[in-house]
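# Tertiary structure, described
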Amino acid sequence: AASPAPRSARAPSLPESTAEAAGAGRAARGVYRGPERRGGGGVAAAWGMMMDGSAAGTSNGGSGADGDAARRNNTRMPKYSKFTQQELPACKPILTPKWVVSVFFLVGVVFVPVGVVSLLAAQDVVEIIDRYDHACVPPNMTDNKLAYIKNDTISKECTRILTVTKEMKQPIYVYYQLDNFYQNHRRYVKSRNDAQLRDYKKSNTTTSCDPERFTADGKPIVPCGLIAWSLFNDTYSFTRGKENLTVNKKDISWKSDREHKFAKNVYPSNFQNGALIGGKKLNSSIPLSEQEDLIVWMRTAALPTFRKLYGRIYVDLKANDTITVRLSNNYNTYSFGGKKKLVLSTATWLGGKNDFLGFAYLIVGGLCIFLAFAFTLLYLIKPRKLGDHNYLSWNRHPAGR
Amino acid sequence: MKRFVYINDESYQNDYCDNQISNTKYTLWNFLPKNLWEQFRRFMNQYFLLIACLQLWSLITPVNPASTWGPLIVIFAVSATKEAWDDYNRYISDKQANEKKVWIVKNGARKHIQAQDIRVGNIVWIRENEEVPCDLVLTGTSEPQGICHVETAALDGEIDLKTRVIPTTCIGLDSEQLHKIKGVIECPIPDKDIRRFDANIRLFPPFIDNDICPLTINNTLLQSCYLRNTEWACGVAVYTGNETKLGMSRGVPEPKLTAMDAMIDKLTGAIFLFQLAVVVVLGSAGNVWKDTEARKQWYVKYDDDEPWYQILVIPLRFELLCSIMIPISIKVSLDFVKSMYAKFIDWDEEIYDQETDTPAHAANTAISEDLGQVEYILTDKTGTLTENKMIFRRCCIAGTLYGNESGDALKDIELLNAVADNSPHVIKFLTVMALCNTVIPIKSPSGTISYKAQSQDEDALVNAASNLHVVLVSKNGNNAEIHFNRRVIQYEILDILEFTSDRKRMSIVISDSQSGKIFLLSKGADEAILPLAYCGQQIKTFVDAVDKYAQLGLRTLCLGWRELSLEEYLEWSRLFKEANSALVDREWKVAEVCQKLEHTLDILGISAIEDRLQDGVPETIEILRQSGINFWMLTGDKQSTAIQIALLCNLISSEPKGQLLYINGKTEDEVARSLERVLLTMRITSSEPKELAFVVDGWALEIILTRYKEAFTELAVLSKTAICCRVTPSQKAQLVKLLKSCDYRTLAIGDGGNDVRMIQQAHIGVGISGREGLQAARAADYSIGKFRFLKRLILVHGRYSYNRTAFLSQYSFYKSLLICFIQILFSFVSGIAGTSLFNSVSLMAYNVFYTSIPVLTTVLDKDLSEKTVTQNPEILLYCQAGRLLNPSTFAGWFGRSLYHAIVVFLITIHAYANEKSEMEELSMVALSGSIWLQAFVVTLEMR
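Residues numbered from 1 in each chain as written. Chains lettered and ligands numbered in written order. Predicted model: local features only at pLDDT ≥ 70, side-chain atom pairs only at ≥ 80, totals over all residues. Heavy atoms only, no water.

## Digging into the overall build of chain B
What counts, and what does not: The way it works is that DSSP assigns letters per residue, a run of H or I at least four long becomes a helix, a run of E at least two long becomes a strand, and they are numbered from the N terminus. Any residue under 20% of the maximum accessible area for its type is buried, any over 50% is exposed, and the rest in between are partly exposed; the area is computed with a 1.4 Å probe on protein chains only. Using the Shrake-Rupley algorithm and a 1.4 Å probe, accessible areas are obtained, with residue cover drawn only from the displayed protein chains. Charge convention: Lys and Arg are scored as positive, Asp and Glu as negative, and His as well as the terminal groups of each chain are ignored. Just so you know, the charge point we use is NZ for Lys, CZ for Arg, CG for Asp and CD for Glu.
On a plain count of helices and strands, chain B comes out with 31 helices and 33 strands. By residue count, 57% of the 943 residues in chain B fall in the buried class. With an accessible surface of roughly 38700 Å², chain B has 56% of that area assigned to carbon and sulfur atoms. Taking the average location of the 95 positive side-chain charges in chain B and that of its 112 negative ones, the two points are 0 Å from each other.

## Things to note about the packing of helix α2 (residues 43-54) of chain B against helix α8 (residues 310-322) of chain B
Residue and element names in this part refer to chain B. Short version of the rule: Geometry is summarised by axes, namely lines fitted to C-alpha atoms with helices restricted to the contacting stretch, and by angles between N-to-C directions that run from 0 to 180 degrees. Oblique is the label for any angle not under 35 degrees, not over 145, and not in the 65 to 115 range, which are roughly parallel, roughly antiparallel and roughly perpendicular in turn. Should the near helix be turned anticlockwise from the far one by less than a right angle, the crossing is termed left-handed; should it be turned clockwise, right-handed. Contact criterion: two residues are considered in contact whenever any of their non-hydrogen atoms come within 4.5 Å of each other. Following the grouping adopted for this structure description, the nonpolar residues are Ala, Val, Leu, Ile, Met, Phe, Trp, Tyr, Cys and Pro, the charged ones are Asp, Glu, Lys and Arg, and the polar ones are all others, Gly among them.
With their axes 10 Å apart at the nearest point, α2 and α8 run at an angle of 125° to one another. By the angle between their axes, α2 is oblique relative to α8. Both α2 and α8 take part in a crossing whose hand is left-handed. For the pair α2 and α8, the contacting residues are Tyr47, Ile51 and Leu54 in the first and Leu316, Glu319, Leu320 and Cys322 in the second. Of the residues assigned to the contact of α2 with α8, the class counts are six nonpolar, no polar and one charged.

## As for the side chain of Lys290(B)
Residue and element names in this part refer to chain B. With respect to the helices, strands and loops of the structure, lysine 290 is situated in helix α7 (residues 259-292). Given the relative accessible area of 5%, lysine 290 is considered buried. In this view, lysine 290 contacts Arg295, Tyr302, Glu306, Gln310 and Ile314; residues no more than four positions away in its chain are not counted.

## Quick look at the interface of chain A and chain B
Using the following cut-off: Here, a salt bridge means any side-chain nitrogen of Lys or Arg that lies within 4 Å of a carboxyl oxygen of Asp or Glu. We define a polar contact as two N or O atoms separated by no more than 3.5 Å, with the added condition that, inside protein, one atom must be a possible hydrogen donor and the other a possible acceptor, whereas residues neighbouring each other in sequence contribute only through side-chain atom pairs.
Taken residue by residue, the interface counts 81 residues in chain A and 84 residues in chain B. In this assembly, chain A and chain B are joined by five salt bridges. Between Arg299(A) and Glu918(B) there is a salt bridge; the shortest N-O distance is 2.9 Å. Summed over the shared surface of chain A and chain B, the result is 21 residue pairs in polar contact (both at pLDDT 80 or more).

## Side note on the domain arrangement of chain A
All names here are of chain A. Rules: Segment limits for the domains were obtained from an automatic or database-derived domain assignment. Once two parts are joined, some of their accessible surface, as seen by a 1.4 Å probe, is lost; buried area is that loss totalled over both.
Each assigned domain of chain A is listed here: domain 1 (14-73), domain 2 (95-125 + 353-383) and domain 3 (126-346). Each of domain 2 and domain 3 has a C-alpha centre, and the two are 42 Å apart. On the domain 3 side, the residues contacting the four residues of domain 2 number five residues. Buried area between domain 2 and domain 3, both sides added, is near 300 Å², and the carbon and sulfur share of it is 45%. When the area that domain 2 buries against domain 3 is broken down by residue, the three leading residues are Asp124, Val125 and Lys353, summing to 91%. The tally of links from domain 2 across to domain 3 stands at one residue pair in polar contact (both at pLDDT 80 or more). Among the residues making up the side of domain 2 that touches domain 3, the classes are represented as one nonpolar, one polar and two charged.

## Observations regarding the domain arrangement of chain B
In terms of domain boundaries, chain B breaks down into domain 1 (2-12 + 118-243), domain 2 (21-100), domain 3 (329-352 + 795-942), domain 4 (358-386 + 613-785) and domain 5 (390-612). Here the C-alpha centroids of domain 2 of chain B and domain 4 of chain B sit 42 Å apart.

## Focus: the sheet that holds strand β9 (residues 199-203) of chain B
Residue and element names in this part refer to chain B. Operational definition: Following DSSP output, two strands are said to pair if at least two bridges run between them.
Pairing in this open sheet of four strands is antiparallel, and the strands run β1-β8-β9-β10 from one edge to the other. Taken across any chain shown, the strands that pair with only one partner, and hence form the sheet edges, are β1 (2-7) and β10 (212-215). Neighbour-to-neighbour, the strand axes of this sheet turn through a mean angle of 20°, independent of strand direction.

## Some remarks on the UniProt feature "domain: P-type ATPase C-terminal" (unreviewed entry) in chain B
Heads up, the condition is: UniProt positions are given in the numbering used here, feature names are shortened, and annotations may be inferred rather than shown by experiment.
Mapped onto the present numbering, the UniProt feature "domain: P-type ATPase C-terminal" (unreviewed entry) falls on residues 777-942 of chain B. Between the C-alpha atoms that bound residues 777-942 of chain B the distance is 35 Å, and the span itself is 70% helix and 2% strand.

## Some details on the packing of aromatic side chains
For the record, the criterion: Geometry of aromatic contacts follows a simple scheme: Phe, Tyr and Trp rings, the Trp one being its six-membered ring, pair when their centres are within 6.5 Å, and the pair is stacked under 30 degrees between planes, edge-to-face over 60, tilted otherwise. By definition here, charges over rings are those cases where NZ of Lys or CZ of Arg is within 6 Å of the ring centre and within 35 degrees of the ring normal.
Applying the stated criterion across every chain, the model contains 53 aromatic pairs over all chains. With 6.4 Å between their ring centres and 70° between their planes, Trp632(B) and Phe712(B) make a pair best called edge-to-face. Of this pair, Trp632(B) sits in strand β27 (residues 630-634) while Phe712(B) is found in helix α22 (residues 709-718), placing the two residues 80 residues apart along the sequence. Taken together, the ring pairs connect Tyr176(A), Phe181(A), Tyr188(A), Trp229(A), Phe232(A), Trp297(A), Phe306(A), Tyr331(A), Phe336(A), Trp298(B) and Tyr299(B) into an aromatic cluster. Of note, Arg299(A) hangs over the ring of Trp254(A), and the distance from its end group to the ring centre comes to 3.7 Å. Positioned above the aromatic ring of Trp125(B) is the side chain of Arg110(B), whose terminal nitrogen or guanidinium carbon lies 4.3 Å from the ring centre.

## Structural notes on the sheet that holds strand β6 (residues 147-151) of chain B
Residue and element names in this part refer to chain B. An order of β7-β6-β12 is seen for the three strands of this open sheet, with the pairing classed as antiparallel. The sheet is open, and its two edges are formed by β7 (161-165) and β12 (226-228), each paired on a single side. In this sheet, neighbouring strand axes are inclined to one another by 45° on average, regardless of whether the strands run parallel or antiparallel. Pairing of β6 with β12 involves three bridges; the strand directions are antiparallel.

## Some remarks on the state of the cysteines
Residue and element names in this part refer to chain A. Rule in force here: In what follows, a disulfide is any cysteine sulfur pair within 2.5 Å.
One pass over the structure, following the stated rule, counts two disulfides over all chains. Here cysteine 136 pairs with cysteine 158 through a disulfide, and the sulfurs are 1.9 Å apart. The S-S bond linking cysteine 136 to cysteine 158 shows a torsion near -75°; that makes this disulfide left-handed. Residue cysteine 136 is found in the loop between β1 (127-131) and α4 (145-150), and its partner cysteine 158 is found in strand β2 (residues 157-163); the two are separated by 22 residues along the sequence. The burial state of cysteine 136 is the same as that of cysteine 158; both residues are buried.

Okay, structure coming up:
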């Protein structure tokens, strides 16, 4: 191996000491190799000369053709290089108990603090989650939510009261969370055309946007495809007492998306004109690069439960503040039993509230330290001599071949 | 079936093909279809093509079809280009051969034409050192005796010069007459036997008598031979183009498949079945989920009335998603590392033989791994274990044993005195030594004489005779000249009764030019000569001497002679000519006639020739046997010599430690009983720590192989060592086949033409490029200079190759399965619709740049140093038993990939939950996780 590779501890039957000894022998041979090499060359050269000298005489062995060939190339001896002789330098660390224990211990010592710090960071995050899809359905329609959401005449306005449990420092991120929504479904995730969004000259290309490519009269849809068509269209506004908490919807999408993937000169056209309206409609006078809700939505989620950024509130919230949320509950999650949640959350350097990383580090670190101790104990109770030939499998079972 | 060739007659020439040689496999037009057809005969290629075609259907393809088509086309293009290049080179060399200018006789005048225009019946002229363009029957040479010398190396690999003679009926024709000669040659239809040509020639009047004259292989010049030491020769073309002996013997040897390749194929099949299972399960689950769940999801917008094939869409998507389970890269990687193993063997300095300037060569680049899995080595004796450098050591002349004290008869004062005293027996003995052979003496300008001999034994005898002052000076046609103590003795060689392996002897009939007396000189194996002694001769001393010499491991030859009366000779000579011109069963008839002359011999003595063991043979055998390899020695030599050599080279141990069991007998019953007895002993003692070996000779073996194959197979399984003596080439091959049929990996090693069949039959054929020519080395997969290099070939190259391929192949599956399992796991959270988590570019980058290319460094991986391996040869057991690549190790890798996939996937989706859940991020994180993990596996596994 050209790379420094630890030898596996899974093969305890290998002759460790011989390997080590051989390593030493190798080095010694490497030193010895030099003069031997020159010597070999010398012999070859002398041999070649001898061949030349004896060309006139007759020899019993070897035909003329052989002699010719030999003289031409001097010798057919393979050229020496470390590569051709498979003698490239290699590092062969042996996993001795000391090494294994210290590596495990080191990993444990590093991982446990990292885990603790991540956990603490996640604990700092304050999060308010409010599921509203169920609560916003009028009591008389709870048995038939689908009819409710599909009926345009029923007002979808809804008010929710949230109580802040802990002080929340600005910026407060406003997310909407969808459950059981498969943005990663193959039919859905492929149903878009990036060229169209990027380049106004290609606004007619709608390949792979099936089944949302053209309007009924055959005009290309911009932005085409199921993703854009099903754009989330619930809206929220927040008040604290009388004070309006403005939601800043600027810069909620990726900068690179705004600048490179969604063009400044591509405008929505023929969008949501069909018989079946999917989600939000777009203002066709605003270029795609400024339709940030769309840009956020079109970054498809990999999991059926996901949050998408709705906006930010640049106000500090104190504990026990009550916040009134006025929302319009337009988006249909009832047909497939999905949930809709509104999430207000602060953020730390590690992002949102997610204990997983912290726990993962703690568990792995803890396991490493435990193993380090276990191996140390094992080594102290039942030590094995390094490179003991009695452990070789053919020495253990002489008849086992 | 016969072919009639009319010499110099244009009207019959179109019956046979012209002399255009074609070795190419393809033509310009059929190259593409034929090559594609050949490539698609492999299951893997069919599979990849199917996948690539499915990917063209955009509805189901998870990734860009270019990601499969690209590599596929590259792979196909590479192997097609290689084929095309090889074929083009063949075409060029054919063209060169076809367009070479040759002189032929046309309408009575010599013309210069291209070789491809030669027709059957044309007379072709060749000058010294030119290549023979087609198979010719000699009609004239520049030498007055009507002989010429050819080098047949390209045909049989033998580098000595062979003498060819013109048929007697053509002797004495001058070149003018040769232009006009007419006649008919009756010869068999083309075949590939380069040692046989049973034909006859009849010249039409006015050319001498129109007797039928027999033709043998000695009257021919075969295609691709070179004319040497002869100014010119001419002959009648009898076989042309691809119908020549060389053309007919050309054949594509069956490709050898290593045990590992077979295992990898098997595992690939298993993975394929697993893949089908995944496709069926997930496909139906996907369809169910689609109907129960996805239809409710309005944003996916499934149509209510779909075409019928929609039910196939999800399963096919999963098929494509899982297609990476069988990585395209594995074939390319394996081809690459295999050719590197072969190169390492070619490059290895330590198996370069300085003495003969031969590096090792791997002619077959695909079977290095098998070297590490060898279980049985079947070895030839002469030239393989021994040096095949024959030296005359001892002799027994008329009851006196010479050379006993010093071990060298040439230095034995007694013998030298006897020579000086003109002791008649000794002189006769030496004369037979010098004359009874087919050696050609060649006098160099400086006056020294060197001998060109086809058999090393003859060479040793002639050289020994010349050291004892009976010097064979020249042999011109039928005249031999011997110098003895400054006296010149001329002999005329009347007939040569050639050596065959059935007769086991050769004789020569000479007449003394001075006295006119006719003698028969014979030499041969003791059992072939001693029974021919005249009544009343005491042969006991000779028998004892033979035994004694055999025990010393010397090769013995028995020499005898007899004076013939003229009448007896003439009578016999007629029969001999008749037999020689027979077209059917010629060999048998000749042997019959020979027997009529070879009787009541006066046995002169026994010569004993030493064939020294090669350097390092006992050590090599010792180490290879420690590593669990069983040795069988197959030799044409006699039993006692074989056993002696076997003892010398550690193959068997002498009494208390080891025991030899003999299977012998002349009749079927005897052989059967003997076999039964040996088998019984073998069964009883198999538990004792005693080295048992059985010895069988060719005769008994013949009976056993035809009648008692099952019992012998059992014996073969029980016995670690065997000595088979007096076996024929085909028996050697049969023994290899027998061991192969018991599922053993066999390696056959030999040096001579008689080993070729066994070498081709065995899983691995190793040829020693030795004194018996290159025939074996050419047929072999590996050629080495000395037997002792076998140790390094097996323990170092074979073992490393096995380990490396075992790792590489399983790793290739591991890394593909890893990514595939992640895809499958992802499909559980994406509605079992077959969404690919990774995009085409990352998949391709992962498969090529992150995994396939870096892991090629495995060709340099050494788990243990070479020294450790040679010190503990038992380690080879791991390779032999296939412990590193078998279904259970593969299951380990399979489980590992599943486990790693689960770990990577779970960590990714939990760390990237909620607001971070974004396709591209998640896919990149999972991909880098996989890359790091597999890189860690590579570092951990490579040592």
